[in-house]
Amino acid sequence: MKVLHVAAEVYPLVKTGGLADVTAALPPALAEAGADVRLLLPGLPAILDAVQSARTVVDIGACFGALRVRLLLGRMPGTQLPVYVVDAPHLYRRRGGPYQADDGTEWPDNLQRFALLGWVAAHLAADDADPAWVPDIVHAHDWHAAMACAYMADHAATPAAAVFTVHNLAFQGLFPSQDWALLGLGSRFMAPSGLEFHGQLSFMKAGLKFADKVTTVSPSYAREIATHEFGCGLEGVVRGRGADVSGILNGIDEAVWNPAADTAIARRYDRDQLAGKQACRRALQDTLGLAVDPHALLLTVVSRLTSQKGLDLVLAALPALVADGVQFAVQGTGEPALEAAFRNAAQAHPGRVAVHIGYDENRAHQLVAGADVIAVPSRFEPCGLTQLYGLRYGTPPVVRRVGGLADTVADGDPASQTGFVFDAATPGALEAAVRRAQHLRRDAAAWQALMQRGMAQDLSWAGPAQAYLALYGQALAARAAAPRGPGA
Ligand code: ADP
Ligand code: GLC
């Protein structure tokens, strides 16, 4: 089966969150399971610079406001994975993030930038771009790639099936409806049964409506997005797809996140040799200027600082927990108000609270390895990877019972417990969960068993890859059985 993954980011080249970890690890896992997998990425500078031995597949010429567009084919650095890159200097070759300029404003031409990505994917699927390789499945990730599903639906002769994965429904790719003509899509798509969403154009809706199968990154989030509370206004569209929507849990890249082979941490360790974890803990306290106190519960947060992540709960619970001997090590970037509040907390509690405002992969590994617990108190969480990294590193997660957090962390039965789960999105509920961790840690044998149960979990991509392969088969069957498009 030939599978084309379409995404805007991929670790380690371009990453704003867990999406990049997934697009880096899932394609090789599918290849391992026997699929013929390729990636399609926009020609952002970090991608163009890194992709190896790229050659031109087709000179596309002028489109979407760009004068010179080419489709290149090379390999992901350090791997054999073939990667197509859309080289469109006018749209992609610029400093700043993949979606935003450095000052945090969205790129004004995001409609053209990500319509182009989907359009090229649809042409690959239509046997129009690379006659040497035509995918059976186009697997599009998040709104950035979702237009592939609309362009494929607009071309009835395309035999390939489209699978769309929602990594985060809160980011939807909404554009003014007057920009409609720039898309070059049949007019039947500019309707409530198409891309129209409350007077705007929604790229997310293109994926939700026109993919043959829709997935999210956990079974719980698949149920949640059909509700008003989590559906971000698209719950009706999600419900309309019925059983076509399912959840497949993310795995983690066990080569990148492995305490037994991690070169970023002070000392390596594994489930049977946990001494190295203590060395990592001491090194972390030392380098962060935290009191080297073996009794304190050292809690870490590695996160985007946005309201999704519920870190206001951490800030509110922090003074009482610090007074009770808890230490905090926080790393993140995001909303200026949250960044400032964490900086203030560090100033108010020297030696107990350490905060690094910034993005740093190596330090993230050190924080996960050196901490006693990792907190992910999200308001919503499609899957979440940091709690999985915590499990793998013997750092039990403290999480809210929502989305993928609820699906991956067990609490309640001491025999199967892997972390601490709380329900209400309140500082008190988080505080009570942290106190339970503090209490259990006083029992060294019980704590070690808790760590080892987490470390023994199978978090690899092998299982999820099999689930995606089965779903691809269903998508192809659905594609063969029914036409697509608005009103179909
Ligand atoms: P999301 O994609 O919603 O941000 P995930 O838990 O799926 O949440 O993925 C977050 C990813 O980003 C993880 O790999 C995490 O380690 C990483 N990350 C987030 N913030 C930082 C940071 N400040 N420094 C380093 N890595 C970070
Ligand atoms: C999104 C979600 C996160 C998920 C990640 C990868 O960024 O917020 O929960 O783990 O995508 O699927």
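Residues numbered from 1 in each chain as written. Chains lettered and ligands numbered in written order. Predicted model: local features only at pLDDT ≥ 70, side-chain atom pairs only at ≥ 80, totals over all residues. Heavy atoms only, no water.

Turning our eyes to something else, we now look at the overall build of the protein chain. For the protein chain, the count of helices and strands is 17 helices and 18 strands. Per-residue burial for the protein chain yields a buried fraction of 57% across its 488 residues. Long-range pairs, those at least 24 residues apart, make up 69% of the contacts in the protein chain with a sequence separation of at least 6. Carbon together with sulfur atoms contributes 52% to the accessible area of the protein chain, which is approximately 18400 Å² in total. Distance from the positive charge centre (40 side chains) to the negative charge centre (46 side chains) of the protein chain: 1 Å. (Helix = DSSP H or I, 4+ residues; strand = E, 2+ residues; numbered from the N terminus. Buried < 20%, exposed > 50% of the residue type's maximum accessible area, 1.4 Å probe, protein only. Contact = heavy atoms within 4.5 Å. Areas by Shrake-Rupley, 256 points an atom, 1.4 Å probe, with all protein chains shown as cover. Lys, Arg positive; Asp, Glu negative; His and termini not counted. Charge placed at Lys NZ, Arg CZ, Asp CG, Glu CD.)

Another point: the pattern of salt bridges. A complete count under the given rule lists 18 salt bridges for this structure. Here K15 and E361 are joined by a salt bridge, their closest N and O atoms 3.2 Å apart. Highlighted residues: K15 in the loop between β1 (2–6) and α1 (18–32) and E361 in helix α12 (residues 361–370), separated in sequence by 346 residues. Note on K15: relative accessible area 22%, which makes it partly exposed. (Salt bridge = Lys/Arg side-chain N within 4 Å of Asp/Glu carboxyl O.)

In this structure, the second largest pocket encloses a volume near 310 Å³. Q278, D372, R441, W447 and M451 are, among the 19 residues lining the second largest pocket, the residues nearest its centre. Listing elements by their share of the lining of the second largest pocket, those giving two or more residues are α9 (275–288) and α16 (444–456). Here the lining of the second largest pocket takes six residues from α9, the largest share from any one element. (1 Å grid on protein atoms, 1.4 Å probe; cavity = no way out; pocket = protein on both sides within 12 Å on 5 of 7 lines; lining within 4 Å. Points joined across faces, edges and corners; volume = space filled by probe spheres on them.)

Turning next to the domain arrangement of the protein chain. As assigned here, the protein chain comprises domain 1 (2–251 + 462–481) and domain 2 (275–456). The straight-line distance from the C-alpha centre of domain 1 to that of domain 2 is 33 Å. Listed by partner, the interface residues are 19 residues for domain 1 and 17 residues for domain 2. Contact between domain 1 and domain 2 buries roughly 1300 Å² in total, counting both sides, with carbon and sulfur atoms accounting for 59%. Here domain 1 and domain 2 share seven residue pairs in polar contact (both at pLDDT 80 or more) between them. The greatest single-element share of the side of domain 1 that touches domain 2, amounting to four residues, is contributed by helix α7 (residues 219–224). Among the residues forming the side of domain 1 that touches domain 2, the class breakdown is eight nonpolar, eight polar and three charged. (Domains from an automatic or database assignment. Buried area = accessible area lost by both parts, 1.4 Å probe. Polar contact = N/O pair within 3.5 Å; in protein donor to acceptor, adjacent residues only side chain to side chain. Nonpolar A, V, L, I, M, F, W, Y, C, P; charged D, E, K, R; others polar.)

Enumeration according to the criterion identifies 14 aromatic pairs in this entry. Relative to F175, the ring of W143 has its centre 5.9 Å away and its plane inclined at 65°; by these criteria the two rings are edge-to-face. Of this pair, W143 sits in helix α5 (residues 142–153) while F175 sits in strand β8 (residues 174–176); the two residues are 32 residues apart in sequence, bridging distant segments of the chain. You can call W143 buried: its relative accessible area is 6%. Consider the rings of F420 and W447, whose centres lie 6.0 Å apart with planes at 15°: the pair is stacked. In this pair, F420 is assigned in strand β18 (residues 420–422) and W447 in helix α16, connecting sequence segments 27 residues apart. According to the relative accessible area criterion, W447 is buried, its value standing at 6%. By way of ring pairs, the aromatic residues Y99, F114, W143, F175 and F203 are connected into one cluster. Stacked on the ring of W107, the Lys or Arg R94 has its end atom at 4.7 Å from the ring centre. (Phe/Tyr/Trp six-rings, centres within 6.5 Å; stacked < 30°, edge-to-face > 60°. Lys NZ or Arg CZ within 6 Å of the ring centre and 35° of its normal.)

Right, let's get into the site of ligand 1. The environment of ligand 1 is made up of 20 residues, and the closest members are G18, D21, R304, K309 and L385. In this structure, an oxygen atom belonging to ligand 1 sits 2.7 Å away from a side-chain N or O atom of D21. Between ligand 1 and Q331, the relevant distance is 2.9 Å, taken from a nitrogen atom to a side-chain nitrogen or oxygen of the residue. Elements with a contribution of two residues or more to the shell around ligand 1: α1, β13 (298–305), β14 (327–334) and α13 (386–392). For the shell around ligand 1, the leading source of residues is β13, giving three residues. If you count residues domain by domain, the shell around ligand 1 takes at least three from each of domain 1 (2–251 + 462–481) and domain 2 (275–456). (Near = heavy atom within 4 Å.)

Ranked by internal contacts, the top residues of the largest apolar core, which has 109 residues, are L40, L116, L183, L195 and L208. Taken together, domain 1 (2–251 + 462–481) and domain 2 (275–456) each give at least three residues to this core, which thus spans both. Not counting the four nearest positions on each side in its chain, L195 is found in contact with M147, A150, L183, L185, F189, Q200, L201, S202, K205, A206 and F210. By size, the runner-up hydrophobic cluster in this structure holds 58 residues, among which are L305, V326, A354 and V434. (Core = buried A, V, L, I, M, F, W, Y, C linked by side-chain atoms within 4.5 Å.)

Read from one edge of the open sheet, three strands run β8-β10-β9, paired in antiparallel fashion. The sheet is open, and its two edges are formed by β8 and β9 (196–197), each paired on a single side. Pairing of β8 with strand β10 (residues 200–202) involves three bridges; the strand directions are antiparallel. What sits directly across from F175, in β10, is L201. Across the face of the sheet, helix α6 (residues 203–210) comes into contact with β8, β9 and β10 while running at roughly 55° to β10. (Pairing = 2+ DSSP bridges. Axes fitted to C-alpha atoms, helices over the stretch in contact; angles between N-to-C directions.)

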